[in-house]
Amino acid sequence: MDDLLQEFIAETRETLDALSGEIVLWEANPTDRTRLDAIFRFVHTVKGSCGFLDLPRLGRLAHAAEDVLAAVREGTRAPDTALVNAVLAIVDRIGELTEAIAAGSPLDDTTEDLLIAALAEDALPIAPAAAGPQTRIASRSVRLAVDLLDRMMAGMSDMVLARNELARRLRDQPIDPRVEGALERLSLTVGEMRDTISRTRMQRIEALFSAMPRMVRDTATPLGKLVTLDVEGADVELDREMIELLRDPLVHIIRNAVDHGIEPPALRHALGKREAGRLLVSARQTGNQIVLEVTDDGRGIDVDRLVAKAAAAGLHSEAKLAAMTERQRLELIFAPGLSSRDTATAISGRGVGMDVVRANIEQIGGRIALRNRPGAGLTIELQVPLTLSIIPAIVVGVGEQRFALPRQSIEEIVAIRGDAVRVDDLGDSRVATVRGRRLPLVDLASLLGIDGGRTQALAIVGTRDGNFALGIGAVLDSEELVVKPVCPAVMGTGIYAGQTLPDSGLPMLLLDGAGVAAAAGLRFTPKAIVDENEAAAQERGIDALLFDDLDGRRRALPLAAVDRVETVSATAIQRTGGRLHLSIEGGVVPLVTRAEPPTTGQVTLLRLTDGVTEIGYPIRDAHEIVTLPVAMAPVRDRPGIAGVAVVNGEQVEVVDGHALFAGELAPPVVRPLCLLHHDGTGWMETFLRPVLEASGYRCASTLAPGETAAVTLAMDDDPPAASANGDPVVLLRSRPAMPGEAGIYRYDRAALIAAVAAEMQSHDDMRREMAR
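Since the structure is predicted, the reported quantities are computational estimates derived from the model, not experimental observations.

A. Up close: the overall build of the chain. What the chain contains, in helices and strands, is 22 helices and 34 strands. Per-residue burial for the chain yields a buried fraction of 42% across its 772 residues. Put simply, 64% of the contacts in the chain that link residues at least 6 apart link residues at least 24 apart. Element-wise, carbon and sulfur atoms account for 52% of the exposed surface of the chain, whose accessible area totals about 40400 Å².

Below, the structure written as structure tokens:
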């Protein structure tokens with residue numbers, strides 16, 4: 001039998017038993033308002049439950065009795081003997097039908113129309129209901145007080161801790177096989193009892209979700225909207241009391257999503273959306289918390305409009321509103337008395353709602369967060385504690401501190417050694433490569449500010465949004481821990497899911513994987529509500545590394561081709577065999593580049609691989625990992641450039657990885673170097689350097705060690721000392737040269753460029769001749 005139906009039968013039986021005395025007293029005194037209210041609440045509850053349990057006969061009887069009792073409460077109907085008898089007959093019939101449902105046996109409905117008809121004012125009186133014996137199917141359920149369940153759970157928690165301590169002490173000394181067998185049986189019994197007692201307070205969250213389809217329909221229909229509802233995680237279990245406390249906040253959030261968020265069909269069609277809006281309600285367990293998410297694909301929150309409404313309502317000054325961060329502006333939706341609606345409706349617009357929702361969630365130790373997508377929808381996330389649970393956990397050490405991680409959130413733990421595990425820096429981020437799989441890395445010691453914490457192992461943590469590598473010091477133990485909520489100040493950091501007291505007696509905090517990722521600033525691709533037919537239209541671009549190239553241009557390279565980013569000495573780069581090579585790790589790696597790398601200092605190098613071949617790509621600086629858009633502008637006559645994409649509002653050249661490995665990128669042309677002899681006035685740097693560089697030469701005022709100039713330019717009144725290797729020199733005169741005078745007038749542009757070219761050519765010819 002369905003759990004919800006069993007719950008309904010148990011509650012109806014319990015209420016009927018408690019109500020039997022009230023019915024007799026109301027029959028003796030029909031004007032007793034207290035008894036009347038008790039009977040009214042009973043039939044009202046039965047009517048509401050029958051709506052989503054599909055029990056039309058019970059619902060019809062309860063609805064008829066509710067209407068009559070409502071008239072009595074309003075004073076429009078006198079509670080005479082005939083009415084009392086008719087109501088009592090319906091209550092008895094409800095009991096009979098409930099027992100028939102529990103037994104799974106049919107019950108004829110020939111008398112039900114007569115019972116309903118007897119409620120009318122002009123109906124003939126019926127005989128008083130006789131309390132005949134009813135056949136009740138023995139119930140296998142019992143209802144217990146919450147305090148008793150709490151005491152059971154607390155005792156079970158102490159038993160688990162005692163079992164853990166006993167096992168730890170026995171491990172430290174030789175153990176008798178008989179004692180070991182007894183401990184094993186004790187462990188199995190404790191485990192079974194733990195699961196059994198834990199489930200006494202737990203209920204599938206389906207009890208909270210089951211009424212949502214009808215609620216969404218009833219909210220959307222009067223508004224002329226089409227909304228489809230998807231529910232995920234209905235099998236997640238939560239404390240029964242917590243389910244009741246969540247019911248009202250969740251109802252308000254869903255009604256707001258339908259009323260405020262999802263647009264009317266005509267507007268959605270004009271915006272290029274499906275006419276039917278979509279609402280996703282999901283639940284999942286993470287550590288000692290349950291996370292509920294309500295996501296719609298509507299208009300999202302217009303933050304600018306919200307700020308304007310806050311200013312008009314006088315909630316904050318304009319200066320304070322202008323100084324707010326985007327998150328603070330978004331959270332104005334929680335301000336008391338503030339509504340994004342201009343007019344009040346039956347559903348919203350009265351300025352009472354989200355502030356109460358947040359207050360109710362925080363009152364039970366939970367948190368509420370918003371993820372706004374203007375024009376695309378809104379996600380409201382509720383995080384609430386399980387109140388008490390026992391979960392398997394991994395105890396990890398960082399420096400002198402210890403933390404626990406839920407075992408179900410850890411994929412694997414690996415040591416940082418060998419070629420299978422590597423940690424690299426990509427711009428300001430760190431990336432862990434585990435057997436070829438790249439994951440963002442979060443160093444736990446750095447995140448929590450723990451001194452002396454050295455990362456020696458990686459815990460691969462899985463969250464709903466994505467996976468990441470958590471840098472830890474060591475794995476200390478694996479045990480079952482009793483986890484309880486921690487104080488709101490600690491929970492407010494978002495990093496922790498609760499606290500625990502292991503058998504060592506030292507308090508320890510339980511880490512929340514999703515909270516750690518959020519605190520570290522990791523951004524995973526959010527889950528979108530899309531149809532299968534729409535998935536192709538929302539194709540995601542590839543991940544790429546954004547960097548500054550040696551020629552100063554901002555470029556991006558597909559991340560899949562980047563094996564690592566490292567710094568090498570410029571002296572390890574040499575031109576041999578007609579191309580640049582890097583001497584590293586006892587081998588030689590060919591380099592491809594779009595500009596000549598520096599000859600001194602350190603060089604940032606991208607190590608690229610296609611799985612077989614490895615090449616190097618020297619760059620100026622690496623920035624960050626970005627996602628390239630699918631749309632890319634093609635380019636022509638640019639070997640090695642696949643196209644131009646817009647990243648963060650900036651035009652970026654995308655490097656063609658195929659061209660790099662195919663050798664299609666031509667080596668950079670080595671431009672001749674012109675040495676500008678110091679003239680004391682700065683004229684050469686100001687006037688001469690731009691002319692020469694525009695003509696394809698490089699210019700320098702001093703030479704680096706080992707560097708030689710192709711030609712030297714100097715003023716005729718301050719010629720350089722004779723060069724030992726006979727480098728050519730072009731003398732410049734400050735006035736036009738007279739016949740027979742050496743040098744070139746410094747403003748004779750054509751003669752100057754021709755002289756430099758001629759000297760270089762003559763010097764090259766002489767060197768080639770000497771080489772013969």
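Anyway, onward from the coordinates.
B. Expanded view of the sheet that holds strand 29 (residues 650-655). Spatial ordering of the open sheet is given by 27-19-20-29-28, a layout of five strands whose pairing is mixed. Each edge of the open sheet is held by one strand with a lone partner, namely strand 27 (621-627) and strand 28 (641-647). This sheet shows a mean twist of 35 degrees between the axes of neighbouring strands, independent of strand direction. In this sheet, strand 27 lies alongside strand 19 (residues 543-548) in antiparallel orientation, the contact comprising six bridges. Each residue of the ladder has a partner; that of aspartate 543, found in strand 27, is threonine 627.

C. Fine view of the nonpolar core. Counting residues in each nonpolar core, the largest one holds 47 residues, and the members touching the most others are Phe209 and Ile254. If you tally residues by element for this core, the top one is helix 10 (residues 240-261), at eight residues. Setting aside chain neighbours within four positions, we find phenylalanine 209 in contact with Val231, Glu232, Gly233, Ala234, Leu250, Val281, Ser282, Ala283 and Leu292. Core analysis: the next-biggest nonpolar cluster, separate from the first, contains 35 residues, Phe8, Leu69, Ala86 and Leu88 among them.

D. Expanded view of the packing of aromatic side chains. Summed over the entire model, instances satisfying the criterion amount to four aromatic pairs. Centre to centre, the rings of phenylalanine 547 and tyrosine 617 are 5.9 Å apart; their planes meet at 70 degrees, and the pair counts as edge-to-face. Residue phenylalanine 547 is found in strand 19, and its partner tyrosine 617 is found in strand 26 (residues 614-619); the two are separated by 70 residues along the sequence. Here tryptophan 683 and tyrosine 747 contribute two aromatic rings whose centre-to-centre distance is 5.7 Å and whose plane-to-plane angle is 85 degrees, an arrangement assigned as edge-to-face. Of this pair, tryptophan 683 sits in helix 21 (residues 683-694) while tyrosine 747 sits in the loop between strand 34 (744-745) and helix 22 (749-771), and the two are 64 residues apart along the sequence. Taking relative accessible area as the criterion, tyrosine 747 reaches 46% and is therefore assigned partly exposed. Connected via pairs of aromatic rings, a cluster forms that spans Trp683, Phe687, Tyr745 and Tyr747. Positioned above the aromatic ring of phenylalanine 40 is the side chain of arginine 73, whose terminal nitrogen or guanidinium carbon lies 4.1 Å from the ring centre. A cation sits over an aromatic face here: arginine 746 above tryptophan 683, 4.7 Å from the ring centre.

E. Up close: the packing of helix 9 (residues 212-223) against helix 10. Where helix 9 meets helix 10, the closest approach of the two axes is 10 Å, and the angle between their N-to-C directions is 35 degrees. The handedness of the crossing between helix 9 and helix 10 comes out as right-handed. Along the contact surface, helix 9 presents Met212, Met215, Val216, Thr219, Ala220 and Leu223, while helix 10 presents Leu250, Val251, Ile254, Arg255, Val258 and Asp259. Counted by class, the contact of helix 9 with helix 10 contains nine nonpolar, one polar and two charged residues.

F. Main features of the side chain of arginine 689. For arginine 689, the location among the structural elements is in helix 21. When sequence neighbours within four positions are dropped, the list of residues in contact with arginine 689 reads Leu676, Met684, Cys699, Ala700 and Ser701.

G. Examining empty space enclosed by the protein more closely. Tallied over the entire structure, the rule returns one cavity of 30 Å³ or more. Space inside the largest cavity adds up to approximately 50 Å³. As for the largest cavity, its lining consists of Asp424, Leu426, Val431, Thr433, Arg438, Leu559, Val562, Asp563, Arg564 and Val565. Among the secondary structure elements, those contributing two or more residues to the lining of the largest cavity are strand 11 (421-426), strand 12 (429-434) and strand 21 (562-569). Ranked by the residues each element gives to the lining of the largest cavity, the list is headed by strand 21, at four residues. Within the lining of the largest cavity, the residues separate by chemical class into five nonpolar, one polar and four charged.

H. Spotlight on the confidence of the model for the chain. Looking at the chain, the pLDDT average stands at 79 and 85% of residues meet or exceed 70. Confidence drops under a pLDDT of 50 for residues 527-538, and excluding neighbours within four residues, the segment shows 13 contacts in the predicted structure.

I. Quick peek at the environment of threonine 463. Take threonine 463: it is sitting in the loop between strand 14 (457-462) and strand 15 (467-472). Judged by its relative accessible area of 18%, threonine 463 falls in the buried class.

J. Summary view of the pattern of salt bridges. For the structure shown, the criterion picks out 34 salt bridges. Aspartate 551 is the salt-bridge partner of arginine 555, the closest N and O atoms lying 2.9 Å from each other. Overall, the relative accessible area of 35% leaves aspartate 551 in the partly exposed class. Across the pair aspartate 563 and arginine 564 runs a salt bridge, and its minimum N-O distance is 3.3 Å. Take aspartate 563: its relative accessible area is 18%, and that puts it in the buried class. Here the residues in one salt-bridge network are Asp549, Asp551, Arg553, Arg555 and Glu653, joined through shared partners.

K. Structural view of helix 10. The first and last C-alpha atoms of helix 10 sit 30 Å apart over 22 residues, in line with the 32 Å expected at 1.5 Å per residue. The largest bend along helix 10 measures about 35 degrees and falls at arginine 247, with the proline proline 249 one to four residues further on.

L. The arrangement of the packing of helix 3 (residues 56-74) against helix 4 (residues 81-103) in detail. In contact at an axis separation of 10 Å, helix 3 and helix 4 are set at 155 degrees when each is read in the N-to-C sense. The pairing of helix 3 with helix 4 is recorded here as roughly antiparallel in orientation. Classified by chirality, the crossing of helix 4 by helix 3 is left-handed. Seen from helix 3, the contacting residues are Arg57, Leu58, Leu61, Ala62, Ala65, Val68, Leu69 and Val72; seen from helix 4, they are Leu83, Val87, Ile90, Arg93, Ile94, Leu97, Thr98 and Ile101.

M. Local environment of the sheet that holds strand 22 (residues 573-576). Here we have three strands laid out as an open sheet, ordered 22-23-24, and antiparallel in their pairing. Pairing within the sheet leaves two strands with one partner each, and these edge strands are strand 22 and strand 24 (587-590). For this sheet the average axis-to-axis angle between neighbouring strands, irrespective of direction, equals 40 degrees. Pairing geometry for strand 22 and strand 23 (residues 579-584), over four bridges, is antiparallel. Paired with glutamine 574 across the two strands is histidine 581, which belongs to strand 23.

N. Broad picture of the pairing of strand 13 (residues 437-443). Sheet topology places strand 12 next to strand 13; four bridges connect them, and they run antiparallel. By the bridge assignment for strand 13, alanine 432 is matched with leucine 439. In this structure, the hairpin formed by strand 12 and strand 13 is closed by a connection of two residues, where arginine 435 is found at a positive phi of approximately 50 degrees. The pairing of strand 13 with strand 15 spans three bridges and is classified as parallel. Counted as the bridge partner of aspartate 443 is glycine 471 from strand 15.

O. Highlighting the environment of leucine 58. Checked against the element boundaries, leucine 58 lands in helix 3. By relative accessible area, which is 2% here, leucine 58 ends up buried. Considering only alpha carbons, one finds leucine 58 and isoleucine 94, 36 residues apart in sequence, at a separation of 6.3 Å. Sequence-distant contacts of leucine 58, that is, excluding residues within four places in its chain, are made with Phe8, Cys50, Ile94, Leu97, Thr98 and Ile101.

P. Expanded view of the state of the cysteines. Within this structure, the stated rule accounts for zero disulfides. Of all cysteine sulfurs, the one in cysteine 699 lies closest to cysteine 674, which takes part in no disulfide; the gap is 5.2 Å. Note on cysteine 674: relative accessible area 0%, which makes it buried. Judged by relative accessible area, cysteine 699 falls into the buried class, the value being 11%.

Cut-offs and rules
Residues numbered from 1 in each chain as written. Predicted model: local features only at pLDDT ≥ 70, side-chain atom pairs only at ≥ 80, totals over all residues. Heavy atoms only, no water. Helix = DSSP H or I, 4+ residues; strand = E, 2+ residues; numbered from the N terminus. Buried < 20%, exposed > 50% of the residue type's maximum accessible area, 1.4 Å probe, protein only. Contact = heavy atoms within 4.5 Å. Areas by Shrake-Rupley, 256 points an atom, 1.4 Å probe, with all protein chains shown as cover. Pairing = 2+ DSSP bridges. Axes fitted to C-alpha atoms, helices over the stretch in contact; angles between N-to-C directions. Core = buried A, V, L, I, M, F, W, Y, C linked by side-chain atoms within 4.5 Å. Phe/Tyr/Trp six-rings, centres within 6.5 Å; stacked < 30°, edge-to-face > 60°. Lys NZ or Arg CZ within 6 Å of the ring centre and 35° of its normal. Left-handed = near helix turned anticlockwise from the far one by under 90°. Nonpolar A, V, L, I, M, F, W, Y, C, P; charged D, E, K, R; others polar. 1 Å grid on protein atoms, 1.4 Å probe; cavity = no way out; pocket = protein on both sides within 12 Å on 5 of 7 lines; lining within 4 Å. Points joined across faces, edges and corners; volume = space filled by probe spheres on them. pLDDT = per-residue confidence, 0-100. Salt bridge = Lys/Arg side-chain N within 4 Å of Asp/Glu carboxyl O. Expected span 1.5 Å × (residues − 1). Bend = angle between axes of the 7 residues up to and from the residue. Parallel < 35°, antiparallel > 145°, perpendicular 65-115°, else oblique. Disulfide = S-S within 2.5 Å.

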